[in-house]
Amino acid sequence: MDIKTEQFVQVAEEELKNERTRLFLSLLPPAVSQRRQAAMSTFSDPKAAMSYCASVRGAAVDNLPDLLEEFEKNATANGAKVIWARDAAEANEFVVQKAREKGVSYVTKGKSMVTEELGLNPVLEQNGIEAFETDLGEYIAQQLKRPPFHIVGPAINVPPEEIRDLFMDIGILEKATADPVELGLAARIYLRDKFHHLKMGITGINMAIADTGSIINVENEGNIRFTKAAPQTQISIMSIEKVIPSIKDAMFQVRLLCRSCTGQKISSYVTIDNGPKKNDEIDGPEELYIVIVDNGRSAKYHDLLAREALRCFRCGACLNICPVYTTVGGYPYGWAYSGPMGQVLNPMLLGQERTQDLYRASTLCGACKEVCPTGVNHPKIFRYYRSKDVDGDTEFGGKPRPLMESIIYKFWLQGVTNSWSWKLGARLARPLLNNAIKNGWLRKKIKPLDNWLQARDLPLFPKKTFRDRWKDLRDRS
Ligand code: SF4
């Protein structure tokens, strides 16, 4: 999947005109949010549950180096082989190499955001290895060559008629029908067959438990279980922040994850693997490889505020509540992670230059922070990324602000921090600004303003300020 985060504004504009997307977004995210709220209310104290979960995530992120080492030691003792990958290229190369070694012509995959992040599928295809996504939504998105629309439902916005045409085109549906049950059955029959002859399966990991070396997958379709149980070789891939200290923490996290994700108290399948199949066991892979991917995270780990983004366990609750996501949907974000989750993670992983429009596309309303069970303070992180832009701080790959913008912001800062300069500045600036608005100078010269004004009107300033009018009124009375 190509990364298209730079096209955020352009794709958002297209999506704003898409009636179907608009209708869909007006219905589904509020319904999922309501389910989440109902599920959360089954905790005796939902706020305390969220704050405990946030503290567990915070502590895990703060202790990542130690937890990862402990996990490696215990997973290895369980018989798994732990592979460290610095970046996407190293992780993908390992998978391709292993597939070649095993004489594999195709693999099945369980839904995994980290493999989306790594761009694993195209790399497998380039190397002649077919990858079959086995989560229904992920399979549809893969066939349509689109990024996930939503983290929980990657193709949830695609109408059944479009899926019918797609399935007819790729030959997995014999009789044309838009009945969702029939469509699901067609995909199931087709994909189920892939498990029968499977040599290698690839999955993500929801949580890796340091003190037992176990890995956990949470799902509703059961396809991840098939992908793990059917082949001889299993490769499970995780990013470094998926490690947590203990099974107790994991089980508590699962309760919050499922409620925040789909409004379920627990999802249909929660699988815990302790290494590959043992001699006396019937199911499971003979070899289990756990690939731990960094992909730019540890380079930003020293940054205490940015690393807060690593707390995220991808529940998607912030998407369903975000006024921006629920207006434009998932495609404009142009990568694996969308909504507020993507707005905090993507700048860290892709650099600020490619992602500026993402963290600027926020009203800073804080709704995302309110629902986040892992305690990510999204608005604070957005403001932090923005401040890096203003300061010309290029550490996260941002580029220095153009000179004219810097001068304007410096004047602005002077003006707003002193009441006398604010009053004087406002008096002098009003006629000048009115002129600049009328002849379009502001839009032409200041690029971010141009973007901002495309969705808004900037009215002219009235001749008298509110203070002047207030004073007049007082003098008259
Ligand atoms: S940022 Fe928080 S609410 Fe959003 S997906 Fe991550 S954990 Fe869930």
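Okay, the overall build of the chain next. A tally of regular secondary structure across the chain gives 24 helices and ten strands. Relative to the 2.2 N^0.38 estimate, which gives 23 Å for 477 residues, the radius of gyration of the chain is 25 Å and therefore close to what a compact globule would have. Over its C-alpha atoms, taken along the principal directions, the chain stretches across nearly 95 × 55 × 45 Å. Looking at the chain as a whole, 40% of its 477 residues qualify as buried. Counted over contacts in the chain with a minimum sequence separation of 6, partners at least 24 positions apart contribute 74%.

With that settled, consider the sheet that holds strand β7 (residues 233-239). In spatial order, the strands read β1-β10-β7-β4-β2-β3; together these six strands make up an open sheet with parallel pairing. Because the sheet does not close on itself, it has two edges, and the strands there are β1 (81-85) and β3 (130-133). Strand-to-strand, the axes of this sheet are offset by a mean angle of 25°, without reference to chain direction. Here four bridges tie strand β2 (residues 106-109) to β3, and the two strands are oriented parallel to one another. Looking at β3, one finds that K109 is bridged to E133.

The immediate surroundings of the ligand are formed by 15 residues, with C312, C315, C318, M341 and C372 found nearest. Looking at the shell around the ligand, the elements with two or more residues in it are α14 (317-321) and α16 (339-350). Looking at the shell around the ligand, its residues break down into eleven nonpolar, three polar and one charged.

Ranked by size, the top nonpolar core spans 91 residues in total, and within it I237, V243, I290, V291, V293, A309 and C318 carry the most contacts. Lining this core are residues from two domains, each supplying at least three of them: domain 1 (1-42 + 306-400) and domain 2 (62-295). Grouped together as the second largest cluster of nonpolar side chains are twelve residues, I140, A141, F167 and L183 included.

This part covers unusual backbone geometry. A positive phi angle is found at N295, which is not glycine, with a value near 50°. Along the chain, N295 falls in the loop between β10 (287-293) and α13 (297-300). Positive phi values are uncommon outside glycine, yet R314 reaches one of about 60°. Structurally, the position occupied by R314 is in the loop between α13 and α14. Given 20 C-beta atoms within a 10 Å radius, R314 is considered buried.

Turning to the packing of helix α9 (residues 160-170) against helix α10 (residues 180-196), a few remarks are in order. In contact at an axis separation of 10 Å, α9 and α10 are set at 35° when each is read in the N-to-C sense. Here α9 and α10 pass one another in a crossing that is left-handed. Judged by residue contacts, P160, I163, R164 and F167 of α9 engage P180, L183 and A186 from α10. Of the residues assigned to the contact of α9 with α10, the class counts are six nonpolar, no polar and one charged.

A word on the sheet that holds strand β9 (residues 269-273). Picture the strands of a sheet paired through backbone hydrogen bonds; they go either parallel or antiparallel. Pairing within the open sheet is mixed, and its four strands lie in the order β8-β5-β6-β9. Single-partner strands in this sheet number two, and they are β8 (243-244) and β9. Relative to strand β6 (residues 214-219), strand β5 (residues 207-209) is paired through three bridges, and the arrangement is antiparallel. Bridging from a neighbouring strand, A208 pairs with I215 of β6.

This paragraph deals with the pairing of β2. Pairing geometry for β2 and strand β4 (residues 200-204), over two bridges, is parallel. Within β4, the residue paired with T108 across the bridge is G201.

Moving on: helix α3 (residues 46-62). Over its 17 residues, α3 extends 24 Å from the first C-alpha to the last, a length consistent with the 24 Å expected when each residue adds 1.5 Å. Burial in α3 covers these residues: M50, C53, V56, R57, A60 and V61. All buried residues of α3 fall inside an arc of 130° around its axis, so they share one side. Those residues of α3 that are exposed and angled more than 90 degrees off the buried face are K47, A48 and S55.

Before going further, it helps to spend a moment on helix α5 (residues 88-101). Across its 14 residues, α5 extends 20 Å between first and last C-alpha, which sits within 8% of the 20 Å expected from 1.5 Å per residue. Those residues of α5 that fall on the buried side of the exposure criterion are A88, A91, N92, V95 and A99. Buried positions in α5, seen along its axis, are confined to an arc of 95° and lie on one side of it. Those residues of α5 that are exposed and angled more than 90 degrees off the buried face are Q97, R100 and E101. Downstream of α5 by one or two residues, G103 has phi in the positive range, about 65°.

Our next topic: the pairing of β4. With respect to burial, β4 is a largely interior element, five of its five residues being buried. Side-chain alternation along β4 places M200, I202 and G204 on one buried face and G201 and T203 on a second face that is also buried. Relative to β7, β4 runs parallel, the two being bridged by five bridges. Following the sheet pairing, G201 is matched in β7 by Q234.

According to the domain assignment, the chain contains domain 1 (1-42 + 306-400), domain 2 (62-295) and domain 3 (403-476). Computed over C-alpha atoms, the centres of domain 1 and domain 3 are 30 Å apart.

The next subject is the packing of helix α20 (residues 403-417) against helix α21 (residues 419-438). Two elements in contact, α20 and α21, have axes separated by 5 Å at closest approach and are oriented at 120°. Viewed along their axes, α20 and α21 adopt a mutual orientation that is oblique. Across the interface between the two elements, Q414, G415 and V416 from α20 touch S421, W422 and G425 from α21. Across the contact of α20 with α21, the residue classes break down as two nonpolar, four polar and no charged.

Criteria and cut-off values
- Residues numbered from 1 in each chain as written.
- Predicted model: local features only at pLDDT ≥ 70, side-chain atom pairs only at ≥ 80, totals over all residues.
- Helix = DSSP H or I, 4+ residues; strand = E, 2+ residues; numbered from the N terminus.
- Rg over C-alpha atoms; globule rule 2.2 N^0.38 Å.
- Buried ≥ 20, exposed ≤ 12 C-beta atoms within 10 Å, placed from the backbone.
- Contact = placed C-beta atoms within 7 Å.
- Pairing = 2+ DSSP bridges.
- Axes fitted to C-alpha atoms, helices over the stretch in contact; angles between N-to-C directions.
- Near = placed C-beta within 6 Å.
- Nonpolar A, V, L, I, M, F, W, Y, C, P; charged D, E, K, R; others polar.
- Core = buried A, V, L, I, M, F, W, Y, C linked by C-beta atoms within 7 Å.
- Domains from an automatic or database assignment.
- Left-handed = near helix turned anticlockwise from the far one by under 90°.
- Expected span 1.5 Å × (residues − 1).
- Arc of directions from axis to C-beta.
- Parallel < 35°, antiparallel > 145°, perpendicular 65-115°, else oblique.

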